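Here is how the chains run, residue by residue.
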Amino acid sequence: MRKCLGYITISLLVPVLILFIFLSYQEWSLAQSPYHVLDERIPIDSVELSQTSYMKAANGKVISEISTGEKRTYLKLEDIPLFLENLFIVTEDQKFYDHAGVDLSGISRALLINSQNKTIEQGGSTITQQLARNAYLSHDRTYNRKLSEILYAYQLERKKSKPEIMELYLNAIYFSNGAYGIEAASQYYFSKPTGELSKAELAFLAAIPNNPENYNPLKHFDETKKRQERLLKQMVAEGDLEQTEYEKLIKTTIKLDLSTSVDLYPDYVTYVHQELKNLVASSEGLTKSLQSPDVDIRQQAEVELNKKVEKLLNSGVTIHTALDTKLQTQSKTAVQSKIGVNDIEGALVVIQHHTHELVSLIGGKDYKKNSFNRAYQSYRQPGSAIKPLLDYAPYIEETGADINQLVSGASYCSNSYCPKNYSGDSYGMVTLRTAFAQSYNTPAIRLFEKTGMETSFKYLEAFDFKKVSKKDHHTSSAIGGFEYGMSPLELTNAYTSFNDGNYQPARAIIKVTDQKGEVLYKWNDNSKEIWNKSTVAKMRQLLHETTLSGTARKAYFPTDYIGGKTGTTNDVKDMWFVGLTANYTTGVWIGRDKPSNLQSIYSHTPHVLIWKDISQTAE
């Protein structure tokens, strides 16, 4: 009885409230406009419905659908069949084009039904009220919420036209199973756009929002079908559908064709999400604050960044990436087949060095989305793979030395630091070409010392290795003895400088666009020169020699250009190979997450063979 009285109170208060506003307008205007109060308390100049965003590969294929709770693809009213619009008007709100947001006769009808059932079965809500509830309020069946719903509906009618309200409504309502709006429902239940649905299918979907749980087609298909028939019958009764067409539509077989959310290439997609945060931070001027030594400043910047990224992804953007889907699939296959079933892991990075685009990235043998991604989150000692960047290129750049110049390969010992060549042998004077190709340690250290530690590290600073610090400024770094090291992505990226002497961060994201195709974000990187042309030419010869007669002979295949460098850390805990072809720079790392000896597979050179498989495919 109390609930019934509550509804009666509402039905009486609404007209009284409206009458009071109009009769008291002059007095209100002398003090403060009621419209001003409403606008202040209920500002709804814009209605923002969260939408699904998409990530696309270089070929335009969608590789990931991104939603933070509501799957929705916004559809303009002109793209929604008029039949569906009329169906909702007839079955939900016949006076939609006449009322100002609230239909008193609808409330009266609901009061009658609710009093008979002694529960709140119907609320007499107009389409505008339903939109207000879906866009701004909860679905709690309370009288306070009902009063709020009326006020929001009134505001919507003031601010929006009827077509705008209808458009928002058809995009806001819930169709069960995570689908919000007619287009998401159409794609989910029938795997096709709304414009391709039959009238029978449209009516079937229209049956769901009234009670998404009871009319969930996956659980209660028959109940949904019965309600579809009732809706169509109601259209006949209102003269909006011919009896013959009604009979035809209810006999039409409804066959669901469920679609699944697209979520492919988890290694690459996970990295893109991280890069998106970096891109937004860079574009919005938050990078400096995120790197601040002040913890409070960093945390505040992180909160602000997360809000911006969440808002962006809820706005239905498209993230265009450089992913080569064919190469990504083959990269995964190569890593899995060459490592085998064991606890050994691998990571791989492929960069198109002319465009600085990250076209493939493998974060692990059986990588799962959002797990530890070894391609960019794992920092390992590089072994001899650092020699081109820290020893040879800086020495050649500073001195102009020829690759046939001699350097001592004899034993080395300084301040109790006495590193050995991998073979344990002591060599006499050898050419830079031989020392590089055979990866001798003592010649590399001597070149490092001749250039000067600070000078050598100055060149390395240009590559923005995150974990390299002053603590690494010691002799053992010349042969890979870093405190933390670098990630496969960082090291591969640095090697791209041996293409033309310039360095520019490789990016997975080409651009981020809104639904109109307008660019919202894109990288604006500047290329910086690291090596002169002469140094690049000599380094490319050295890298090439390594694949012809050096430690990477198994990598060789006939092509326009091929060159690279292997790297092995102490006790064979890490195995690297980073190399270039005419168009790509590719890096491979193999090791265990908990570093331990890999001697059992070392002779099989899986890192080199993986690189060869991918490089041949890419070229």
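Scroll up to find the structure.
Definitions and limits used
- Residues numbered from 1 in each chain as written.
- Predicted model: local features only at pLDDT ≥ 70, side-chain atom pairs only at ≥ 80, totals over all residues.
- Heavy atoms only, no water.
- Core = buried A, V, L, I, M, F, W, Y, C linked by side-chain atoms within 4.5 Å.
- Buried < 20%, exposed > 50% of the residue type's maximum accessible area, 1.4 Å probe, protein only.
- Helix = DSSP H or I, 4+ residues; strand = E, 2+ residues; numbered from the N terminus.
- Contact = heavy atoms within 4.5 Å.
- Salt bridge = Lys/Arg side-chain N within 4 Å of Asp/Glu carboxyl O.
- Pairing = 2+ DSSP bridges.
- Lys, Arg positive; Asp, Glu negative; His and termini not counted.
- Axes fitted to C-alpha atoms, helices over the stretch in contact; angles between N-to-C directions.
- Parallel < 35°, antiparallel > 145°, perpendicular 65-115°, else oblique.
- Disulfide = S-S within 2.5 Å.
- Polar contact = N/O pair within 3.5 Å; in protein donor to acceptor, adjacent residues only side chain to side chain.

(A) Representation of the nonpolar core within the structure. One finds Leu389 and Leu491 to be the most contacted residues of the largest nonpolar core, which totals 83 residues. With 8 residues, the top contributor of residues to this core is helix 13 (residues 266-283). What Leu389 contacts, discounting residues up to four positions off in sequence, is Pro394, Leu460, Phe463, Phe465, Leu491, Ala494, Tyr495, Ser497, Phe498 and Trp531. Ile89, Leu197, Leu205 and Met235 belong to the second largest nonpolar core, which has 49 residues in total.

(B) Representation of the pattern of salt bridges in the model. In this structure the tally under the stated criterion is 22 salt bridges. In this structure, Arg72 engages Glu70 in a salt bridge whose closest nitrogen and oxygen atoms are separated by 2.9 Å. Judged by relative accessible area, which is 2%, Arg72 ranks as buried. When its relative accessible area of 28% is taken as the criterion, Glu70 is described as partly exposed. Among the charged side chains, a salt-bridge network with shared partners connects Glu345, Arg374 and Asp593.

(C) Just the pairing of strand 9 (residues 509-513), in detail. Summarising the sheet, strand 3 (residues 318-321) and strand 9 pair through 4 bridges and their orientation is antiparallel. Bridge assignment links Thr318 to a residue of strand 9, and that residue is Thr513. Both strand 9 and strand 10 (residues 519-521) contribute to a ladder of 2 bridges, which runs antiparallel. Along strand 10, the bridge assignment pairs Thr513 with Val519.

(D) Expanded view of the side chain of Asp472. Mapped onto the elements of the fold, Asp472 is located in the loop between helix 20 (453-461) and helix 21 (488-495). One buried charged residue, Asp472, forms no salt bridge at all, with the nearest opposite charge on Lys471 at 9.0 Å. With near-sequence residues (within four places) excluded, Asp472 lies in contact with Phe457, Lys467, Ser477, Phe482 and Glu483.

(E) Representation of the packing of helix 4 (residues 82-92) against helix 11 (residues 221-237) within the structure. Packing of helix 4 against helix 11 brings their axes to within 9 Å, and their N-to-C directions diverge by 85 degrees. Taken as axis vectors, helix 4 and helix 11 run roughly perpendicular relative to one another. Contacts between helix 4 and helix 11 involve Phe83, Asn86, Leu87, Val90, Thr91 and Glu92 from the first element and Arg227, Leu231, Leu232, Gln234 and Met235 from the second.

(F) Just the sheet that holds strand 1 (residues 53-56), in detail. Ordered by their spatial adjacency, 5 strands build an open sheet running 2-1-3-9-10, and the pairing between neighbours is mixed. Strand pairing shows two members of the sheet lacking a second neighbour, strand 2 (62-66) and strand 10, which therefore form its edges. The sheet shows a mean angle of 25 degrees between the axes of neighbouring strands, direction not considered. Where strand 1 and strand 2 come together, 4 bridges link them in antiparallel fashion. Looking at strand 2, one finds that Ser53 is bridged to Ile66. Together, strand 1, strand 2, strand 3, strand 9 and strand 10 form the strand contacts of helix 13, whose direction differs from that of strand 9 by roughly 70 degrees.

(G) Here's a closer look at the state of the cysteines. Taken as a whole, this structure holds 1 disulfide when the rule is applied. The disulfide bridge from Cys413 ends at Cys418, spanning 1.6 Å between sulfur atoms.

(H) Highlighting the environment of Lys199. Of note, Lys199 is situated in helix 10 (residues 199-206). Taking the C-alpha atoms as reference points, Lys199 and Thr252, separated by 53 residues in sequence, lie 9.6 Å from one another. Sequence-distant contacts of Lys199, that is, excluding residues within four places in its chain, are made with Phe83, Glu245 and Leu249. At 3.0 Å, the side chain of Lys199 forms a polar contact with the side chain of Glu245.

(I) Representation of the environment of Gly567 in the model. On the secondary structure map, Gly567 appears in strand 12 (residues 562-568). Note: C-alpha distance between Gly567 and Gly480 (87 residues apart in sequence) is 8.3 Å. Leave out the neighbours within four places in its chain, and Gly567 touches Pro382, Gly383, Ser384, Ala385, Asp574, Met575 and Trp576.

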